[in-house]
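As a plain string of letters, each chain reads:
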Amino acid sequence: QVQLVESGGGLVQPGGSLRLSCAASGSIFIPNIMDWYRQAPGKQRELVATITSNGRANYADSVKGRFTISRDNFANTVYLQMNSLKPEDTAVYYCHENQWGADYWGKGTLVTVSS
């Protein structure tokens, strides 16, 4: 089993920044894919950013240039640096891992962007 625990969410003003962390534990096998998803009020869960074990990253168009995903394979941790936050970024952010066709999810951390 794999356990994913997100942290770093909170309340931030528009234009501010937050860094989310996701710590993975359990039976972690490299290579794997780690991702951040989010689900905003009234919207479907969407993929925000993804990163391979080799560090190749991809982003949703809505966050390109503002968010950066990174990972520390030795610490089994993935990060999401969020800058220039907008109210529409308000969502529960979920960490996700895929390895050998299996999917694992964290319980989410709430990010609220509001003045």
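Please refer to the structure higher up on the page.
Each residue is numbered by its place in its chain's sequence as written, counting from 1. In view of the model being predicted, local features appear only for residues whose pLDDT reaches at least 70, and side-chain atom pairs are presented and counted only at 80 or more, with totals across whole chains, interfaces and linings using the full set of residues. Note that water and hydrogens are dropped before the side-chain values are worked out from all heavy atoms of the structure.

Colleague: Lay out the nonpolar core with the relevant residues and their values.
Modeller: One finds Trp-36, Leu-80, Met-82 and Tyr-93 to be the most contacted residues of the largest nonpolar core, which totals 28 residues. Listing elements by their share of this core, those giving two or more residues are strand E1 (2-7), strand E3 (18-26), strand E4 (33-39), strand E5 (46-52), strand E7 (67-72), strand E8 (77-82), strand E9 (91-99) and strand E11 (109-113). Ranked by residue count, the leading element in this core is E3, at four residues. Put simply, buried Ala, Val, Leu, Ile, Met, Phe, Trp, Tyr and Cys residues joined by side-chain atoms within 4.5 Å make one nonpolar core. Only protein chains enter the accessibility calculation, which uses a 1.4 Å probe; a residue whose area is less than 20% of its type maximum is buried, one above 50% is exposed, and one in between is partly exposed. A helix here means a DSSP run of H or I that spans at least four residues, while a strand means a run of E at least two residues long, and both kinds are numbered starting from the N terminus.

Colleague: Please provide a residue-by-residue account of the packing of aromatic side chains, values included.
Modeller: Stacked, edge-to-face and tilted labels apply to pairs of Phe, Tyr and Trp rings (six-membered ring for Trp) whose centres lie within 6.5 Å, assigned for plane angles under 30 degrees, over 60, and everything in between, in that order. Throughout the structure, instances matching the rule amount to two aromatic pairs. A ring pair is formed by Phe-29 and Trp-100, whose centres lie 5.5 Å apart and whose planes are at 25 degrees; its orientation type is stacked. Placement of Phe-29 in the loop between E3 and E4 and of Trp-100 in the loop between E9 and strand E10 (102-105) is noted, with a sequence separation of 71 residues between them. Residue classification places Trp-100 among the exposed residues on the basis of a relative accessible area of 74%. Lysine and arginine charges are scored as sitting over a ring when NZ or CZ, respectively, is within 6 Å of the ring centre and within 35 degrees of the ring normal. A cation sits over an aromatic face here: Arg-45 above Tyr-94, 3.8 Å from the ring centre. Lying across the ring of Trp-105, Arg-45 places its NZ or CZ 4.9 Å from the centre.

Colleague: Run through the state of the cysteines, naming residues and quoting values.
Modeller: Disulfides are defined as cysteine sulfur pairs within 2.5 Å. Going through the model one piece at a time under the given rule, you end up with one disulfide. A disulfide bridge connects Cys-22 with Cys-95, and the sulfur atoms are separated by 2.0 Å. Residues Cys-22 and Cys-95 are joined by a disulfide whose S-S torsion is about -80 degrees; by sign, that bridge is left-handed. In this pair, Cys-22 is assigned in strand E3 and Cys-95 in strand E9, connecting sequence segments 73 residues apart. There is no split in this pair, since Cys-22 and Cys-95 are both buried.

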